[in-house]
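Chains, contacts and geometry: an overview
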Amino acid sequence: MNNQAVKCDSPVFNQSLLSADEALEFLLDASAAPEKKESVSLDNSLGRILACDIHSTINVPGFDNSAMDGYAIALNDNQLLQKNLSFDIVDRIPAGSTGNELNKGCAARIFTGAPIPEGANTVIMQEECEVSNDGNRIETWRPLSLGENIRPMGNDIQTDDVILRAGLQLKPQDVALTASVGVAELEVFKKLKVGVFFTGDELVEPGNALNRGEIYNSNRYALVALLKQLNCEVINLGNIKDSLDSTCKALEILASACDLIMTTGGVSVGEEDHVKPAVEKLGKLSLWRIKMKPGKPLAFGHVGKAAFIGLPGNPVSAMVTFFLFARPFIKKMQGVSNHKNQTTQVQTNFDWRRPRPRREFVRVKLDHSTIPASANLYPKQGSDVLSSVVWADGLVEIPENSTFSQGEVLNYYSLTELTQ
Ligand code: AMP
Ligand code: MG
């Protein structure tokens, strides 16, 4: 974490009303890749972030080889593009072995992946030839050309190629490609440690009965699950008593152990909110009112060396602000080069008659029978309606102060992508 970059005490930002773009830009400026790296085996590398480029020291494949089970043939020049030829079978080359040099006009039984023997210049698949009754000859019918069914050396990767770049989050195919060049261990960034706690005397853990005025703490489970999906190490202090003292204690414990501290709720200016004064007491804090819906209040700062992000308390606001702000911030802090959220375009299946001053991120389900897909709006868009996020495929971004009719093409954030 580069604390120099955290200009959160700047009067420009404190208590200010920011656009979603300004808030994201500010957060990304304050986030930097970790310095600590570690080496992991390929089996333990999935989802980790590559800390350096991977170069290949070999060609893949390392030798010309057969793409088919069939016959390698050393065609004579006068046999090129001729029909109805016959060749003596003089060798048998399974994958993993090398055959002998093939004389002109001869064939070798060959299997997929086996090296093309010296002298051979084409391969015919077994389905396209007939073997004589004694098994010593093959006959072909169609004209043969040079290089058929031969996978040339270095076809996939060549020596000194950079096969993967630093900052990549490793997917199964990346791990496989690394294995294919013989690399057994990868240098990755250390996992990000994120500490969380929750305040609010109304919060009750699932499994217990509710008294009047109480609600279950859903944000705790949302936040922990979202962080785990991002491959963070989570230190969860659970529910903390809504007092300045307990909040300060929780922050101190996490500041010494974590790269980032996250909370939900308690960052509005209500008297019962102790997160804001506690962070201000121990570190630095900016409280932003972001011109978006859902999710107006967002707090950012640091306590000791740990960065701090306080999400809004309303469950939909907490999730949406996590997706839009915390996720790219965390990904950059993890060392991911491609840390920004990806959007695609969809068309609205609804009108937007009344211009609203805040940018809205509405929960929609897609109908893929049109191009682009059409977005249907969930009828209840309140920031407390968690069912809307469960129902939805994604979020449509509605620009501030806009009106439109059905068919408007807008940015779309897929929840599948946002939750992985
Ligand atoms: P706050 O930001 O603390 O003023 O909370 C705003 C709204 O979010 C209130 O209705 C809270 O009850 C609700 N809320 C706060 N924290 C949680 C939580 N952990 N789980 C579910 N709802 C919450
Ligand atoms: Mg509260």
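Residues numbered from 1 in each chain as written. Chains lettered and ligands numbered in written order. Predicted model: local features only at pLDDT ≥ 70, side-chain atom pairs only at ≥ 80, totals over all residues. Heavy atoms only, no water.

Some remarks on the nonpolar core
Core analysis: the biggest nonpolar cluster contains 46 residues, and Met262, Phe322 and Ile330 have the highest contact counts within it. No other element matches the 12 residues that helix α6 (residues 315–334) contributes to this core. Counting residues in each nonpolar core, the second largest holds 19 residues, with Ala250, Ala278, Leu285 and Phe308 among its members. (Core = buried A, V, L, I, M, F, W, Y, C linked by side-chain atoms within 4.5 Å. Buried < 20%, exposed > 50% of the residue type's maximum accessible area, 1.4 Å probe, protein only. Helix = DSSP H or I, 4+ residues; strand = E, 2+ residues; numbered from the N terminus.)

Comments concerning the pairing of strand β7 (residues 106–110)
Burial runs high along β7: five of the five residues are buried. Side chains Cys106, Ala108 and Ile110 of β7 all project onto a buried face; the interleaved residues Ala107 and Arg109 project onto the opposite face, where all are buried too. Relative to β7, strand β5 (residues 70–73) runs antiparallel, the two being bridged by four bridges. From the neighbouring strand, Ala72 faces β7, where its bridge partner is Ala108. Across five bridges, the pairing between strand β6 (residues 85–93) and β7 is parallel. The residue of β7 that forms the bridge with Ile93 is Ile110. (Pairing = 2+ DSSP bridges.)

As for a positive patch on the surface
Positive charge collects at one region of the surface, where Lys36, Lys190, Lys193 and Lys305 lie side by side. Given the relative accessible area of 59%, Lys36 is considered exposed. (Patch = residues over 30% accessible without salt bridge, like charges linked within 9 Å, V, L, I, M, F, W, Y side chains within 5 Å. Areas by Shrake-Rupley, 256 points an atom, 1.4 Å probe, with all protein chains shown as cover. Salt bridge = Lys/Arg side-chain N within 4 Å of Asp/Glu carboxyl O. Lys, Arg positive; Asp, Glu negative; His and termini not counted. Charge placed at Lys NZ, Arg CZ, Asp CG, Glu CD.)

Considering helix α4 (residues 244–257)
Its 14 residues place the ends of α4 20 Å apart at the C-alpha level, agreeing with the 20 Å of an ideal helix rising 1.5 Å per residue. Packing partners of the buried residues in α4 comprise β14 (193–199), β17 (233–240), β18 (260–264), α5 (275–282), β21 (297–303) and β22 (306–311). (Expected span 1.5 Å × (residues − 1). Contact = heavy atoms within 4.5 Å.)

Here we look at helix α2 (residues 172–180)
Looking at α2, one finds that the buried residues are Asp174, Val175 and Thr178. The arc enclosing the buried residues of α2, seen along the axis, measures out at 100°, which places them on a common side. Every exposed residue of α2 that faces more than 90 degrees away from the buried side is listed here: Pro172 and Gln173. Those residues of α2 that are buried are in contact with β12 (162–164) and β13 (185–189). Looking one or two residues beyond α2, the residue adopting positive phi is Gly182, at roughly 85°. (Arc of directions from axis to C-beta.)

Examining the site of ligand 1
Residues in close proximity to ligand 1 total 15 residues, the closest being Glu202, Asn217, Gly266, Gly313 and Asn314. Ser218 has a polar backbone atom sitting 3.2 Å from a nitrogen atom of ligand 1. In the model, an oxygen atom of ligand 1 is placed 3.1 Å from a nitrogen or oxygen of the Asn314 main chain. Alone, ligand 1 offers 490 Å² of accessible surface; in the complex the protein occludes 76% of this. Elements represented by at least two residues in the shell around ligand 1 include exactly β16 (215–216) and α3 (218–229). (Near = heavy atom within 4 Å. Polar contact = N/O pair within 3.5 Å; in protein donor to acceptor, adjacent residues only side chain to side chain.)

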